[in-house]
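# Observations on chain architecture
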Amino acid sequence: MIWLCCFIWVSLSVVTSGQFIPPYTEECQTNMYPPKGPTFKGAVTWYTVDLDLHPSDRWTALITDKKADLVNMIQAIKDLADAFVPSGKLVHMVDVALPLLANTLPYPFKDELKGIATASGVSLGEVVLFNVFYEIFTVCTSVVAEDSTGNLIHGRNLDFGLFMGWDIKNRSWIISEKLKPLVVNIDFTRGNKTVFKSTNFAGYVGMLTGIKPHTFTLTMNERFSLDGGYIGILEWILGKRDGMWMSFLTRSVLENSTSYEEAKTSLVQTKLLAPAYFILGGNQTGQGCVITRARVLSLDILEIDLKQGRWYVLETNYDHWKEPLFLDDRRTPAKKCMNQTMQANISSKTMYDMLSTKPVLNKLTTYTTLMEVSKGKLESYIRDCPNPCMPW
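Residues numbered from 1 in each chain as written. Predicted model: local features only at pLDDT ≥ 70, side-chain atom pairs only at ≥ 80, totals over all residues. Heavy atoms only, no water.

## Focus: the pairing of strand S8 (residues 193-201)
Counting buried residues in S8 gives 7 out of 9 residues, a clear majority hidden from the surface. Sheet analysis places strand S7 (residues 183-190) next to S8, joined by 8 bridges and oriented antiparallel. Of the residues in S8, the one forming a bridge with Arg190 is Lys193. Linking two consecutive strands that pair antiparallel, namely S7 and S8, is a turn of 2 residues; a positive phi of about 60° is found at Gly191 within it. With 3 bridges joining them, S8 and strand S9 (residues 209-212) adopt antiparallel strand pairing. Paired with Lys197 across the two strands is Ile211, which belongs to S9. (Buried < 20%, exposed > 50% of the residue type's maximum accessible area, 1.4 Å probe, protein only. Helix = DSSP H or I, 4+ residues; strand = E, 2+ residues; numbered from the N terminus. Pairing = 2+ DSSP bridges.)

Here it is as structure tokens:
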């Protein structure tokens, strides 16, 4: 724990030396959509994953296309590990121990990860490492809002790579930048029909952002807690496997749940390896909520309530009844922009404006996703945050 505190302190010192004194904020942005300008780094390519194929074959076409980018990202992680533990023992441990972890994972994830390792040439241990990252290293912003006609709009910024190598010259997070070429949109099909859609990182088999067209939308944010992902992962390794990996649960919900209420029940009741926030939107008025989860229990459900004037629910990475860390207050500027927009004007366009406002947009932001359940629509954009910009 001491080395972790020291590592974070050094990271903070390096990062803030290249930034304005945090928090760096700006006025709510307008007319940012359609995406353009210096905050827009590119569109996201669509792929199809056929769930009728054997799990080991489902990702082959996508991974073949993204192989070089996946190898580059994994190498960046290995370089960081070698810089932190120069002996190379940490990387060796990953290559030896994590394949054993893969064999303990439930169907279909074990075979999917093995298929990705085969298609990419990346070791199975390193593919597994990439897939457990979300239990530890993310900060995000998610919002579900209901417009004045009852239409539900779900937006999110996916921020990934906290404390994972600060590039002083370019003022950016090394892993965040390496992840951007791996961002993909995926149409998961069965019998040539869409089951659900998601925005993902190539090589990652869990779900962070997704839509069951015309049924519900779902995003997941990390919840910081002392009873965090490290403990759940350690318990899993030691043989206590009665909890579910967060992103495996969200994928299962997207794949198998047939209604907002069924999805909500699964997200509330399933025991987890790590605490989390699940942000869920439905297809009827009032169907939007933030589920605050401990590993075993659901602690709170904050729902859209038009009678109380709550036409949106918004979550970053802090319990909504507590103040966020003053160095990481994305909630206040996000809510300011939402309230300034007002329900009568909320749309995918104005949602994108809010998600483009610093520090909601920050150096960790890899992509922005907008979803409209009534249209079955998911659109995503790779982002950049020009200087001056908050590191998180």
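## Details of the pairing of strand S13 (residues 298-303)
Pairing of strand S12 (residues 288-293) with S13, which is carried by 5 bridges, proceeds in the antiparallel orientation. Across the sheet, Thr292 pairs through a bridge with Asp300, a residue of S13.

## Focus: the environment of Val313
Along the chain, the position of Val313 falls in strand S14 (residues 312-315). The sequence separation of Val313 and Gln287 amounts to 26 residues, and the corresponding C-alpha distance is 10 Å. Excluding anything up to four places from it in sequence, Val313 contacts Ser142, Val143, Val144, Gly288, Cys289, Val290, Leu302, Glu303 and Ile304. (Contact = heavy atoms within 4.5 Å.)

## Some points on the packing of helix H8 (residues 246-256) against helix H9 (residues 260-269)
Following both chains from N to C, one finds H8 and H9 inclined at 160°, their axes separated by 10 Å at the closest point. Classed by the angle they form, the pair H8 and H9 counts as roughly antiparallel. Regarding H8 and H9, the two cross each other, and that crossing is right-handed. Side by side, H8 and H9 meet where Leu249, Val253 and Asn256 of the first sit next to Glu262, Ala263, Ser266 and Leu267 of the second. Across the contact of H8 with H9, the residue classes tally to 4 nonpolar, 2 polar and 1 charged. (Axes fitted to C-alpha atoms, helices over the stretch in contact; angles between N-to-C directions. Parallel < 35°, antiparallel > 145°, perpendicular 65-115°, else oblique. Left-handed = near helix turned anticlockwise from the far one by under 90°. Nonpolar A, V, L, I, M, F, W, Y, C, P; charged D, E, K, R; others polar.)

## Considering the state of the cysteines
Summed over the entire model, instances satisfying the criterion amount to 2 disulfides. Sulfur-sulfur distance for the disulfide between Cys28 and Cys337 comes to 2.2 Å. Looking along the S-S bond of the Cys28-Cys337 disulfide, the torsion reads about -100°, which is the left-handed sense. Pair noted here: Cys28 is in the loop between helix H1 (2-17) and strand S1 (40-43) and Cys337 is in helix H10 (residues 331-341), with a separation of 309 residues, a long-range link. (Disulfide = S-S within 2.5 Å.)

## Re the nonpolar core
As a rule of thumb, nonpolar side chains are buried together in soluble globular proteins. Ranked by size, the top nonpolar core spans 72 residues in total, and within it Trp59, Leu70, Phe130, Phe201, Trp245 and Phe278 carry the most contacts. Looking at this core, the element that brings in the most residues is helix H2 (residues 60-84), giving 7 residues. Non-local contacts of Phe278, meaning those with residues more than four positions away in its chain, are made with Leu218, Thr219, Met220, Leu249, Thr250, Leu267, Leu272, Cys289, Val290, Ile291 and Arg293. Counting residues in each nonpolar core, the second largest holds 19 residues, with Ala334, Cys337, Leu355 and Val360 among its members. (Core = buried A, V, L, I, M, F, W, Y, C linked by side-chain atoms within 4.5 Å.)

## Re the pattern of salt bridges
Charged atoms that come close allow side chains of opposite charge to pair. Tallied over the full model, the rule gives 17 salt bridges. Residues Glu112 and Arg251 are paired through a salt bridge, measuring 2.7 Å at the closest nitrogen-oxygen approach. Of the two residues, Glu112 is situated in helix H4 (residues 109-120) and Arg251 in helix H8; the sequence distance between them amounts to 139 residues. Note on Arg251: relative accessible area 1%, which makes it buried. A single network of salt bridges, built from pairs that share partners, joins Arg58, Glu112, Arg190, Arg251 and Glu255. (Salt bridge = Lys/Arg side-chain N within 4 Å of Asp/Glu carboxyl O.)

## As for the confidence of the model for the protein
Looking at the protein, the pLDDT average stands at 90 and 91% of residues meet or exceed 70. pLDDT under 50 marks residues 1-21. Its contacts with residues more than four places away, or in other chains, come to 23 contacts. (pLDDT = per-residue confidence, 0-100.)

## Quick word on the side chain of Thr316
One can find Thr316 in the loop between S14 and H10. On the basis of relative accessibility, which here comes to 1%, the residue Thr316 falls in the buried class. Beyond its immediate chain neighbours, meaning those up to four positions away, Thr316 contacts Cys140, Thr141, Asn221, Glu222, Tyr277, Arg330 and Arg331.

## Examining helix H3 (residues 89-102)
The terminal C-alpha atoms of H3, which comprises 14 residues, lie 20 Å apart, in line with the 20 Å expected from a rise of 1.5 Å per residue. Along its length, H3 shows its largest kink, about 30°, at Val96, and proline Pro99 lies within four residues downstream of that point. Buried residues of H3: Val91, Val94, Leu98, Pro99, Leu101 and Ala102, and no others. Against the buried residues of H3 lie H2, H4, helix H5 (124-132) and helix H7 (229-237). (Expected span 1.5 Å × (residues − 1). Bend = angle between axes of the 7 residues up to and from the residue.)

## Observations regarding the sheet that holds strand S11 (residues 276-281)
An order of S2-S7-S8-S9-S10-S11-S12-S13 is seen for the 8 strands of this open sheet, with the pairing classed as mixed. Looking at strand neighbours, the two that pair on one side only are strand S2 (46-50) and S13, the edges of this open sheet. Neighbour to neighbour, the strand axes of the sheet diverge by 20° on average, direction disregarded. Where S11 and S12 come together, 6 bridges link them in antiparallel fashion. Paired with Ala276 across the two strands is Arg293, which belongs to S12. Across the face of the sheet, H9 comes into contact with strand S10 (216-222), S11, S12 and S13 while running at roughly 15° to S12.

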